[in-house]
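Fold and geometry: a report
Okay, here's what each chain looks like letter by letter:
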Amino acid sequence: MCGIVGFVGKKQASSILVEGLSKLEYRGYDSAGVAIIDNDHINVVKCKGRLKNLENKLSEHPLKGIVGIGHTRWATHGKPSDLNAHPHNSQDGTISVVHNGIIENYVQLREWLTSKGYKFVSETDTEVIPQLIEYFYKGDIVEAVMRAISKIKGSYAVGVICSKEPGKLVAVRKDSPLIVGLGKDEYYIASDIPAVLNHTRDIYLLNDNEFVVITKDGVKLLSEDKKEIKRDVYHVTWSANAAEKGGFDHFMMKEIHEQPKAIKDTMTSRIMPGKPITLDDIKITKEQIKNINKIYIVACGTAYHAGIVGKYVIEKLVRMPVEVDIASEFRYRNPIIDEKTLMIIISQSGETADTLAALREAKAQGARVIAITNVVGSSVSREADDVLYTWAGPEIAVASTKAYVTQLIAMYIIALFFAQHKGTISEEKMEEIKKDMLTLPIKAEEVLSNKDIIQEFAEKIYKEQDVFFLGRGLDYAVALEGSLKLKEISYIHSEAYAGGELKHGPIALIEDGTVVIVGATQGYLVEKMISNIKEVTTRGANVLAFAFEGSDEVSKAVDSVMYLPKVNDIFAPVLSVIPLQLLAYYISIKKGCDVDKPRNLAKSVTVE
Ligand code: F6R
């Protein structure tokens with residue numbers, strides 16, 4: 001996730017672009033840059049770090065010109081650095097591009113362009129775009145952009161300027177957002193509406209595969225086959241603040257709704273039907289995988305809960321022993337580690353002090369470390385031997401939601417990757433699992449479309465003092481996460497227990513009206529869970545269960561059920577966590593809590 005802007009008008013572009021980028025920093029902030037046409041020349045200023053660094057650089061090297069593009073980056077391919085920052089230029093410097101999204105076939109395109117004599121200076125997937133456009137340029141930039149885009153696979157919103165056609169800006173989108181702002185004799189492109197709201201409230205919303213050509217005379221929308229498209233002007237009535245949150249009241253709700261896309265992005269180019277799983281930044285060999293005799297998964301908080309899912313899945317699919325540990329415990333308990341140990345570190349921020357210390361401890365004792373993180377270039381990603389990035393985009397709300405589901409996806413990818421190398425599941429089974437996995441984005445959308453049931457339940461229970469979560473197997477892992485979410489943002493005391501533990505103590509707390517949330521998605525454990533449900537309902541508990549569609553036996557046993565679309569049991573956590581996130585959210589709102597910034601918590605815990 002990154003933010004792009006573009007401007008064509010009569011005013012100087014530089015400050016307009018920077019101001020637009022400042023409204024998009026929530027989409028990425030590890031580097032930023034602008035490219036502006038001055039007569040027949042493109043000048044680029046870009047640098048690593050927050051937008052402030054770009055502003056400082058621009059005050060030292062001001063850029064002149066009335067047509068330009070800008071970018072604020074959240075790295076996916078290539079660490080945050082001056083070189084990897086956008087805009088990226090073509091080899092001869094005549095074409096400059098900003099891009100948001102992921103180019104799936106960039107490796108093949110890069111090889112092909114290299115064979116044609118093109119040299120690359122960055123580690124990004126984006127750089128293939130200006131080079132391809134330069135390759136196809138024969139005097140018509142729109143034609144060249146169209147030809148280049150026809151070669152690209154993946155998701156993109158792209159803005160292009162060309163010094164040979166200095167009054168023009170061309171843009172296109174597919175699976176990444178892009179709007180056009182319509183001012184008076186000036187026009188804008190942007191990833192999101194807030195970037196243009198200080199200048200205009202009239203915009204065009206673009207659809208996939210639509211091209212935009214902007215000159216001082218106006219805006220033209222074109223289809224792939226160059227037919228002009230008529231579009232109604234959309235007048236924005238929201239405040240700038242609401243627009244930044246995509247029309248949602250809070251970042252947390254926006255991020256909950258971004259989960260289908262985050263799941264899809266994290267699988268992109270990794271899980272493909274009929275193709276083996278290949279992972280760019282994981283260099284561990286088949287031999288090394290075969291040599292491993294023990295895996296530790298180590299993390300904190302929500303990331304630790306993703307690790308528990310990882311344990312169940314790796315043990316099931318790869319048949320390797322896995323221990324999951326809390327980083328602050330692991331680092332001080334003198335764990336048994338040698339060169340046959342593999343450690344998987346999970347950290348959204350990649351900067352959590354305890355997690356980093358655990359990573360260093362394991363490496364010092366000879367273990368190989370794979371990191372799962374959302375931040376390219378973070379400490380964890382630099383110190384681990386291998387990295388698997390979750391492509392969730394920046395998570396602003398303190399309570400983790402989309403980072404968690406992408407951590408689950410990363411755990412499944414690693415489990416399947418190991419199973420592929422160790423041959424622990426048949427090719428047929430592998431294909432069946434991948435096929436099911438690829439349905440998760442659409443099924444997550446379906447779960448989100450049923451949120452009213454959760455809102456109603458939240459309204460009934462928001463005054464409770466205590467809530468219990470129960471589950472077995474993977475439902476237990478999700479129960480832990482649901483319980484954490486609830487306490488974090490609603491300040492209701494809650495506990496999660498493995499169903500079988502109930503009779504060993506916690507059942508003493510169940511009385512008339514106690515709220516119990518039960519997960520019952522694991523086919524082989526549903527009967528056992530129904531027994532647990534009966535144990536609490538006979539003592540008066542008010543139970544909300546989540547189960548797959550068609551689980552009549554569960555619905556008979558409880559008052560309220562949240563049904564989830566059917567997937568392979570191993571993927572249930574990706575879907576079942578969504579109602580729990582929503583429940584915590586709605587209760588928090590009802591209680592008037594600060595959802596995005598809960599008391600006493602910080603987004604990144606860089607101290608012990
Ligand atoms: C809870 C939450 C925290 C983090 C934990 C680890 O919603 O966000 O529990 O999961 O602080 O943070 P990272 O993943 O950045 O290491």
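Residues numbered from 1 in each chain as written. Predicted model: local features only at pLDDT ≥ 70, side-chain atom pairs only at ≥ 80, totals over all residues. Heavy atoms only, no water.

The name recorded for the protein chain in an unreviewed UniProt entry is Glutamine--fructose-6-phosphate aminotransferase [isomerizing], from Clostridium ragsdalei P11. Quoted verbatim from the Function (unreviewed entry) heading of the UniProt record, the comment on the protein chain is "Catalyzes the first step in hexosamine metabolism, converting fructose-6P into glucosamine-6P using glutamine as a nitrogen source." Heading Subcellular location (unreviewed entry) of the UniProt record for the protein chain holds this comment: "Cytoplasm". (UniProt positions renumbered as here; feature names shortened; annotations may be inferred.)

Moving on to the overall build of the protein chain. When its secondary structure is counted, the protein chain shows 21 helices and 24 strands. The burial tally for the protein chain puts 61% of its 608 residues in the buried class. Counting only contacts in the protein chain whose residues sit at least 6 apart along the sequence, the fraction spanning at least 24 positions is 71%. Accessible surface, the protein chain: about 23800 Å² in total, of which carbon and sulfur atoms supply 49%. Seen as two clouds, the 74 positive and the 80 negative side-chain charges of the protein chain have centres 3 Å apart. (Helix = DSSP H or I, 4+ residues; strand = E, 2+ residues; numbered from the N terminus. Buried < 20%, exposed > 50% of the residue type's maximum accessible area, 1.4 Å probe, protein only. Contact = heavy atoms within 4.5 Å. Areas by Shrake-Rupley, 256 points an atom, 1.4 Å probe, with all protein chains shown as cover. Lys, Arg positive; Asp, Glu negative; His and termini not counted. Charge placed at Lys NZ, Arg CZ, Asp CG, Glu CD.)

This part covers the packing of aromatic side chains. To describe a pair of aromatic rings, you give the distance between the ring centres and the angle between the ring planes. Counted under the stated rule, the structure contains 10 aromatic pairs. Measuring from centroid to centroid gives 5.3 Å for Phe-7 and Tyr-188, while their planes differ by 50°, and the two rings are tilted. Residue Phe-7 is found in strand β1 (residues 3-8), and its partner Tyr-188 is found in strand β10 (residues 187-190); the two are separated by 181 residues along the sequence. For Tyr-188, a relative accessible area of 2% puts it in the buried group. Look at Tyr-135 and Phe-136: their rings are 5.1 Å apart centre to centre, the planes differ by 80°, and that puts the pair in the edge-to-face class. What makes Phe-136 buried here is its relative accessible area of 5%. Ring-pair connections join several aromatic residues into one group, and the members of that group are Trp-112, Tyr-118, Tyr-135 and Phe-136. Sitting above the plane of the Tyr-29 ring, Arg-50 keeps its charged end 4.1 Å from the centroid. Its end group placed over the ring of Tyr-462, Lys-590 keeps NZ or CZ at 5.2 Å from the ring centre. (Phe/Tyr/Trp six-rings, centres within 6.5 Å; stacked < 30°, edge-to-face > 60°. Lys NZ or Arg CZ within 6 Å of the ring centre and 35° of its normal.)

Moving on, we come to the sheet that holds strand β22 (residues 515-519). Taken together, 5 strands build an open sheet; the order of strands is β21-β20-β22-β23-β24 and the sheet is parallel. Pairing within the sheet leaves two strands with one partner each, and these edge strands are β21 (493-498) and β24 (560-564). Each adjacent strand pair in this sheet contributes to an overall mean axis angle of 20°, direction not counted. With 5 bridges connecting them, β22 and strand β23 (residues 542-548) associate as parallel partners. If you follow Val-515 over to β23, its bridge partner there is Asn-542. Seen against the sheet, helix α19 (residues 526-537) touches β20 (466-471), β22 and β23 and runs at an angle of roughly 175° to β22. (Pairing = 2+ DSSP bridges. Axes fitted to C-alpha atoms, helices over the stretch in contact; angles between N-to-C directions.)

Moving on, we get to unusual backbone geometry. For the bond from His-86 to Pro-87, the omega torsion is -5°, close enough to zero to count as cis. Mapped onto the secondary structure, Pro-87 falls in the loop between β4 (67-73) and β5 (88-89). If you check the backbone angles, Asn-334 has positive phi at about 50° while not being a glycine. Despite not being glycine, Asn-600 shows a phi value in the positive range, around 65°. Among the secondary structure elements, Asn-600 is positioned in the segment after α21 (572-590).

This next bit is on the site of the ligand. Of all residues adjacent to the ligand, which total 13 residues, the nearest are Ser-347, Gln-348, Ser-349, Thr-352 and Glu-488. Gln-348 places a polar main-chain atom, nitrogen or oxygen, 2.6 Å from an oxygen atom of the ligand. The side chain of Thr-352 places a nitrogen or oxygen atom 2.4 Å from an oxygen atom of the ligand. Contact with the protein chains covers 89% of the free accessible surface of the ligand, which is 400 Å². Contributing elements (two or more residues each) for the shell around the ligand: α10 (301-318) and α18 (474-490). For the shell around the ligand, the residue count by class is 4 nonpolar, 7 polar and 2 charged. (Near = heavy atom within 4 Å. Polar contact = N/O pair within 3.5 Å; in protein donor to acceptor, adjacent residues only side chain to side chain. Nonpolar A, V, L, I, M, F, W, Y, C, P; charged D, E, K, R; others polar.)

Turning our eyes to something else, we now look at the environment of Lys-57. Tracing the backbone shows Lys-57 in helix α2 (residues 51-60). Counting along the chain gives 237 residues from Lys-57 to Lys-294, while the straight-line C-alpha distance between them is 49 Å. If near-sequence neighbours (up to four positions away) are discounted, Lys-57 is found in contact with Val-45, Lys-46, Cys-47 and Asp-82.

Leu-54, Ile-295, Ile-314, Phe-418, Met-437 and Ile-517 are the most contacted members of the largest nonpolar core, which totals 124 residues. When residues in this core are grouped by element, the largest group, 14 residues, is from helix α14 (residues 402-422). Summarising the domain contributions, this core has at least three residues from each of domain 1 (3-242) and domain 2 (446-598). Those residues in contact with Ile-517 that sit more than four places away from it in its chain are Phe-457, Val-467, Phe-468, Phe-469, Leu-470, Leu-544, Phe-546, Leu-580 and Leu-583. If you look at the next biggest cluster of nonpolar residues, it comprises 31 residues, including Ile-103, Phe-136, Ile-149 and Val-158. (Core = buried A, V, L, I, M, F, W, Y, C linked by side-chain atoms within 4.5 Å. Domains from an automatic or database assignment.)

Attention now moves to the side chain of Ser-379. By the element assignment, Ser-379 lies in helix α13 (residues 379-383). Aside from chain neighbours lying at most four places away, what touches Ser-379 is Gly-350, Glu-351 and Leu-356.

To continue, consider the domain arrangement of the protein chain. Many authors give the size of an interface as the accessible area that is lost as the parts come together. On domain assignment, one finds that the protein chain holds domain 1 (3-242) and domain 2 (446-598). Relative placement of domain 1 and domain 2: their C-alpha centres are 45 Å apart.

The packing of two helices is summarised by the inter-axis angle and the distance between the axes. For the pair helix α17 (residues 451-461) and α21, the least separation of the axes is 9 Å and the interaxial angle reads 45°. Considering the angle they form, α17 stands oblique to α21. By crossing handedness, the relation of α17 to α21 is classed as right-handed. Here Lys-451, Ile-454, Gln-455, Phe-457, Ala-458, Glu-459 and Ile-461 of α17 lie close against α21, whose contacting residues are Pro-579, Leu-582, Leu-583, Tyr-586, Ile-587 and Lys-590. Residues of the contact of α17 with α21, tallied by class, amount to 9 nonpolar, 1 polar and 3 charged. (Parallel < 35°, antiparallel > 145°, perpendicular 65-115°, else oblique. Left-handed = near helix turned anticlockwise from the far one by under 90°.)

Here we take up the UniProt feature "domain: SIS" (unreviewed entry) in the protein chain. Using the residue numbers shown here, the UniProt feature "domain: SIS" (unreviewed entry) corresponds to residues 285-424 and 457-598. For the annotated span residues 285-424, helix accounts for 47% and strand for 20% of the residues, and the straight-line distance between the end C-alpha atoms is 16 Å. Secondary structure across residues 457-598 divides into 42% helix and 20% strand, with the first and last C-alpha atoms of the span separated by 22 Å.

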